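Coordinate analysis (summary)
Residue strings, one per chain:
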Amino acid sequence: MVTSVETRVQSLASSGIQSIPKQYIRSQDELTNVGDVFEEEKNEEGPLVPTIDLKEIESDDKEVRERCRLELKKAAMEWGVMSLVNHGISEELMDRVREVGQRFFELPVEEKEKHANDQGSGMIQGYGSKLANNDSGLLEWEDYFFHLVFPEEKRDLSIWPKTPSDYTEVTSEYARQLRGLATKILSALSLCLGLEEGRLEKEVGGLEELILQMKINYYPKCPQPELALGVEAHTDVSALTFILHNMVPGLQLFYQGKWVTAKCVPNSIIMHIGDTIEILSNGKFKSILHRGLVNKEKVRISWAVFCEPPKDKIILKPLPETVSETEPPLFPPRTFGQHIEHKLFKKAQDALSN
């Protein structure tokens, strides 16, 4: 069943409501450290999400290259999230990606509904809002557009927005360039683990099988942001996730027992290490718990691209080189699909026990 227009968060937010419906009000536990994101972002005290300058990652100078890799390794081990700068994707292309995505969400709701997904029948690509699930029955303050963007032969362009007219061209070019960046990062992370350069890329499916799925998250202004979440706390199942945003803060990371608000770094792309790389590295690289906050003043939009291995073709388990007598495997062998099922089952169990 396609979600009705009335349940789109964007429609709800623009209707002039002063208080949010009860299904968007999160539990007290979840609302720990939910404050004013603009004030939180200004906070100079406490830990800061690392910024990694990739300019030197392929330098001809071995020492310079090694220094850049060590910074990447430290960030991957301690945080599992970082802001990448000098990543090789032009500011102009990033601006165009932002522009076409924003213009889609500015279309009349009837136009957007032509691209609606149908979660009930398993058609997850397209325009949507989170449906209440049986775990908590609670909803997130966001609408989204979800679609597979790479490899090109696996895309279903019939789902993609026709307006704006340059949406497909811009998004496809961004996906191609992100795929190249993924290879660069996976190569560096392989070397950081003492593996051959192409090893992690091969383990997650290589050029043929690793897929890139884009989710444009649209978080409307919220009249009671202290009671809601844009996205509830989770770790990404992906190998890597790359996030572009419209410079409105909202991303929070659970670091050393506290929620830390990420600062907006100009021209950066945020990168998360996902569960897949955490498993392959036997926990040496972290998949960090994170969530999205909302605010009263500004719409926040983020473009998350999840780099995912095939669901059933590869068994994910700690690589032999990451395991020893003193460091036994922390994760049982599972396919990517089984890992997703395991997480969903665990979430349902946790909800039942609360």
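The coordinates are above.
Every value quoted in this text rests on a predicted model; they were computed, and no experiment measured them.

What counts, and at which threshold
- Residues numbered from 1 in each chain as written.
- Predicted model: local features only at pLDDT ≥ 70, side-chain atom pairs only at ≥ 80, totals over all residues.
- Heavy atoms only, no water.
- Pairing = 2+ DSSP bridges.
- Helix = DSSP H or I, 4+ residues; strand = E, 2+ residues; numbered from the N terminus.
- Axes fitted to C-alpha atoms, helices over the stretch in contact; angles between N-to-C directions.
- Disulfide = S-S within 2.5 Å.
- Buried < 20%, exposed > 50% of the residue type's maximum accessible area, 1.4 Å probe, protein only.
- Phe/Tyr/Trp six-rings, centres within 6.5 Å; stacked < 30°, edge-to-face > 60°.
- Lys NZ or Arg CZ within 6 Å of the ring centre and 35° of its normal.
- Salt bridge = Lys/Arg side-chain N within 4 Å of Asp/Glu carboxyl O.
- Contact = heavy atoms within 4.5 Å.

**Points about the sheet that holds strand 8 (residues 251-255)**
Pairing between the strands of a sheet is mediated by backbone hydrogen bonds and can be parallel or antiparallel. One open sheet holds the 4 strands; their spatial order is 6-11-8-9, and the pairing between them is antiparallel. Two strands in the sheet have a free side with no partner beyond their single neighbour: strand 6 (231-234) and strand 9 (258-261). This sheet shows a mean twist of 20° between the axes of neighbouring strands, independent of strand direction. Relative to strand 11 (residues 290-292), strand 6 runs antiparallel, the two sharing 2 bridges. Paired with His 234 across the strands is His 290, a residue of strand 11.

**Focus: the state of the cysteines**
What the rule picks out here adds up to 0 disulfides. Distance from the sulfur of Cys 68, which forms no disulfide, to the nearest cysteine sulfur (Cys 192) is 9.1 Å. In this model Cys 307 remains outside any disulfide bridge; the closest cysteine sulfur is found in Cys 192, 17 Å from its own. Accessibility expressed as a relative area gives 1% for Cys 307, which makes it buried.

**Remarks on the packing of aromatic side chains**
Using the criterion set out here, one finds 9 aromatic pairs in the structure. A ring pair is formed by Trp 160 and Tyr 167, whose centres lie 6.1 Å apart and whose planes are at 85°; its orientation type is edge-to-face. Here Trp 160 matches Tyr 167 in class, with each residue buried. Grouped by ring-pair contacts, the aromatic residues Phe 104, Phe 105, Tyr 127, Phe 145 and Tyr 218 constitute a single cluster. The ring of Trp 160 has Arg 155 sitting right over it, with the charged end atom 5.5 Å from the ring centre. Here Lys 215 stacks its cationic end above the ring of Tyr 144, 5.0 Å away from the centre of that ring.

**As for the pattern of salt bridges**
Inspection of every chain in the model, using the stated rule, returns 22 salt bridges. Residue Asp 95 is joined to Arg 98 by a salt bridge in which the shortest nitrogen-to-oxygen separation is 2.8 Å. With Asp 95 and Arg 98 both in helix 4 (residues 91-105), this residue pair falls 3 residues apart, about one helical turn. Judged by relative accessible area, which is 14%, Arg 98 ranks as buried. Here Arg 103 and Glu 99 are joined by a salt bridge, their closest N and O atoms 3.2 Å apart. Taken together, the residues Arg 103 and Glu 99, both in helix 4 and 4 residues apart, mark about one turn of the helix. Of the residues examined, Arg 103 reaches a relative accessible area of 33% and is grouped as partly exposed. Taking relative accessible area as the criterion, Glu 99 reaches 42% and is therefore assigned partly exposed. Through salt bridges with shared partners, a single ionic network connects Arg 26, Glu 30 and Glu 232.

**Side note on the environment of Phe 306**
In this structure, Phe 306 sits in strand 12 (residues 300-308). In the structure, Phe 306 is positioned 283 residues away from Gln 23 in sequence and 28 Å away in space, judged by C-alpha atoms. With sequence-adjacent residues up to four places away left out, Phe 306 is seen in contact with Ile 211, Leu 212, Gln 213, Lys 215, Asp 236, Ser 238, Leu 240 and Thr 241.

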